[in-house]
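# Report on the structure
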Amino acid sequence: MGLPAMAANEGIQLCVFDTRRGHQEGQELDKILFFFPSDFPYSVQLSVVGLSEGIITFTRIFSPDAACEVIEEERHSHVFYQAEPDIWMVMIVEKNKDNESDWRCDALIDVLKEAHSLFTMFNDSLQALLDKQPSGELARSRLYTFINDYLSDFYVGKKIQVPSFRDCLKERRTVQMLTVSREVAIEVQGDTANMFTYAVLRLTPHALSSNTSSWSYLRRGVSGSSITASSGLLNSRSSPEEYHHGSHDSSMGEQSNRYHMPRPLQRDNWSKGKDGFLVCDIQLNVGGLVYLAPVVWLQQSEEHMYLCIYQHRSLTIIILIPASEKIVHVEEKLSRGWGGENAYHVSGYRYLLVDTDKSISRTSPPGKVMTLAKDSLLTLNKLREEVDLEKTRANREKPDHEKNLEICIRAKNNSWIIAKITQGRELYMAIEKANETLLYASDAVEKFSDRCSS
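Report on the accompanying structure. (Residues numbered from 1 in each chain as written. Predicted model: local features only at pLDDT ≥ 70, side-chain atom pairs only at ≥ 80, totals over all residues. Heavy atoms only, no water.)

### Remarks on the overall build of the protein
For the protein, the helix and strand inventory stands at 12 helices and 20 strands. Relative to its 454 residues, the protein shows a buried fraction of 50%. Put simply, 60% of the contacts in the protein that link residues at least 6 apart link residues at least 24 apart. Summed over its atoms, the accessible surface of the protein is roughly 22700 Å², and 49% of this surface lies on carbon and sulfur atoms. (Helix = DSSP H or I, 4+ residues; strand = E, 2+ residues; numbered from the N terminus. Buried < 20%, exposed > 50% of the residue type's maximum accessible area, 1.4 Å probe, protein only. Contact = heavy atoms within 4.5 Å. Areas by Shrake-Rupley, 256 points an atom, 1.4 Å probe, with all protein chains shown as cover.)

Right, here's the structure in full:
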C-alpha cells in the first residue's frame, strides 16, 4: 500500500483523526488529533491518515452501515475503530517473520477500544473536548499524554509488542470473576469493566510494586527500567500544539501550566499510605504538597465521581464517591474469608470463559497458561480468529440470532484445542494430553461447563 518504513524501535503506527476537519488547503494537519510515533514527518502522518480515511470511504460504498475494520497486506495489518461519530482510531502493525506476529485483529481492535474507554473515563469524550475548545489544542494535549502513557505498558525492551498468540487466553475489557463464594453475584456494566481494567493496569499491589502493569509483566524482558529508558515518549521533538500551530518551541511543561493535565496512567503516580489508602497526582502548591483525588466520568449514570482506593494485602477496593459530596470519613471492614486470587480456579484446565452479555471473564492463572506449549497457543489463537470471523459474519446476516457452535481441533503437538459458544457465553480450552481421544476432550468440556454453571 505504499506505507513508509516504520521506526526500527517501534513496529506500530497509531493515529486518531476527525474526518470533519482539515478539508481546506493548508489546514490538512488540523485533521490529526494524535499520531504515534510523534516524530514522524508531517508528510508521513498525512499520508497514513489520508490512506486510512480513503479506505474507510471506499469500503462504505459496499457496506454503508459497517465500514472497514481490518485490512491485511503482506507487511502490515491495519485495524480501524470508529471511537465516536466522525472520529477514528487506526493502528498499523508491522509483521515480522517470526511467529510473534501471529495475532488476532479483534484483539488489536480491543486495544483501541480499551484506550478510548479509559481516556473517556478520565477526560470526557473527544467530541466534548473539541466542543470546549474548537481549535483542538485541549483534545490533542490530553490525547498526547494519555495514549503515550497507555502505550508504555506494551514496551518489551525497546520495542512495542502488541497482543499476540501468547495472549489468546486473555480477554480485554471484561471484569475477571471475583474469587468470592458462589452465592455472591455482581452486575457488570461498561463503567465497571473500565474501572477493572484501570485497576489491573495501575492499582493492584503487583502494579504498584513492580512498576509495570499486570497485563504485561509476564512478557519476557519487561522491566520498569527498560520501559522508562526506551520509550522516550514525552521527550520527542513533536508536541501536541505543533499540529495546530506548527511551532517546534512548545513543551509539555508549558502546556501543563495552561491546563491541568491529569495523567492517571503515568507510572509511579500512585503510592500507598500508612492507612491503606492510595494517593496520586501530587501537585506542588504554595502551602506544600497537595494530593488530588482523581475524578472519573461514569457514562452509565452520567455523573462525576471521586476515585478512592483502599488496599488490604492482595485485595483492592475501589470506592466511588459523588463529586458533589464532601468526603468526611470512610471506614471499611474486610472479611477474613478472603480466599486469595486463585481460590476458585478450576484445576486441571487451561481455559478462558467469557460472558459477553455481562462483560465478565474467568481464566486460568497466568502461571498456568505459561505451561502451555507454543503449538497449543498458536492453534488456539488461530481458532479464536476463526471464531471472531464467524461471529462477525453471523451478526451481519442475522443480528438478532444467537450463534451457537462447538469446535475441537487436534494441534500439531496432539493437544486438543476447543471453542464452544452457547447462550452468550464463550469457552476456549486447551488440553495437552496427547493420548486422549476426541470423546475425552468433549467430556472434559461438559464437565467444565457443568462446574462453572453450578
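### Some thoughts on the nonpolar core
Formed by 52 residues in total, the largest nonpolar core has its most connected members in Val-16, Met-91, Tyr-150, Leu-151 and Tyr-198. Ranked by residues supplied to this core, first place goes to helix H2 (residues 105–123) with 10 residues. Each residue touching Leu-151, except ones within four places of it in the same chain, is listed here: Ile-12, Leu-14, Phe-36 and Ile-160. Grouped together as the second largest cluster of nonpolar side chains are 19 residues, Leu-169, Leu-377, Ala-411 and Ala-430 included. (Core = buried A, V, L, I, M, F, W, Y, C linked by side-chain atoms within 4.5 Å.)

### A word on the sheet that holds strand E3 (residues 70–72)
The 5 strands are arranged E2-E1-E5-E4-E3 in an open sheet whose pairing can be described as antiparallel. At either margin of the open sheet sits one strand with a lone partner, and together these are strand E2 (32–36) and E3. Ignoring strand direction, the axes of neighbouring strands in this sheet form an average angle of 10 degrees. The pairing of strand E4 (residues 76–84) with strand E5 (residues 87–94) spans 8 bridges and is classified as antiparallel. Bridged to His-76 within E5 is Glu-94. Across the sheet, H2 is in contact with strand E1 (12–18), E3, E4 and E5; its angle to E4 comes to roughly 35 degrees. Contacts between helix H4 (residues 137–151) and the sheet are confined to E1 and E2, with E2 contributing the most and set at about 25 degrees to the helix. (Pairing = 2+ DSSP bridges. Axes fitted to C-alpha atoms, helices over the stretch in contact; angles between N-to-C directions.)

### Remarks on the pairing of strand E14 (residues 303–312)
Sheet analysis places strand E10 (residues 277–280) next to E14, joined by 2 bridges and oriented antiparallel. Across the sheet, residue Phe-277 finds its bridge partner in E14, namely Tyr-310. Here strand E13 (residues 295–298) pairs with E14 via 4 bridges, running antiparallel. Paired with Trp-297 across the two strands is His-304, which belongs to E14. In sequence, E13 turns back onto E14 through a hairpin of 4 residues, with Glu-302 there showing a positive phi of about 55 degrees.

### Here we look at the state of the cysteines
Between two cysteines, a covalent bond joining their sulfur atoms is known as a disulfide. Overall, the coordinates contain 0 disulfides when judged by the stated rule. Between Cys-68, a free cysteine, and Cys-105, which holds the nearest cysteine sulfur, the sulfur-to-sulfur gap is 10.0 Å. When its relative accessible area of 9% is taken as the criterion, Cys-68 is described as buried. (Disulfide = S-S within 2.5 Å.)

### As for the layout of surface pockets
The computed volume of the second largest pocket comes to approximately 1300 Å³. If you trace the second largest pocket, you find 44 residues lining it, with Asp-106, Lys-113, Lys-391, Thr-392 and Asn-395 closest to the centre. Of all the elements in the fold, those that place two or more residues in the lining of the second largest pocket are E4, H2, helix H5 (190–203), strand E16 (350–355), helix H11 (374–397) and strand E20 (425–431). Here the lining of the second largest pocket takes 7 residues from H11, the largest share from any one element. Across the lining of the second largest pocket, the residue classes tally to 12 nonpolar, 11 polar and 21 charged. (1 Å grid on protein atoms, 1.4 Å probe; cavity = no way out; pocket = protein on both sides within 12 Å on 5 of 7 lines; lining within 4 Å. Points joined across faces, edges and corners; volume = space filled by probe spheres on them. Nonpolar A, V, L, I, M, F, W, Y, C, P; charged D, E, K, R; others polar.)

### Quick look at the pattern of salt bridges
The tally for this structure, following the rule as stated, stands at 14 salt bridges. Ionic pairing is found between Lys-95 and Glu-72, a salt bridge with its closest N-O pair at 2.9 Å. Of the two residues, Lys-95 sits in the loop between E5 and H2 while Glu-72 sits in strand E3, which places them 23 residues apart along the sequence. Judged by relative accessible area, Lys-95 falls into the partly exposed class, the value being 29%. One salt bridge in this structure joins Glu-390 and Arg-393, with 2.7 Å as the shortest N-O distance. Pair noted here: Glu-390 and Arg-393 are both in helix H11, with a separation of 3 residues, about one helical turn. Three or more residues joined by partner-sharing salt bridges are found here, namely Asp-18, Arg-20 and Asp-86. (Salt bridge = Lys/Arg side-chain N within 4 Å of Asp/Glu carboxyl O.)

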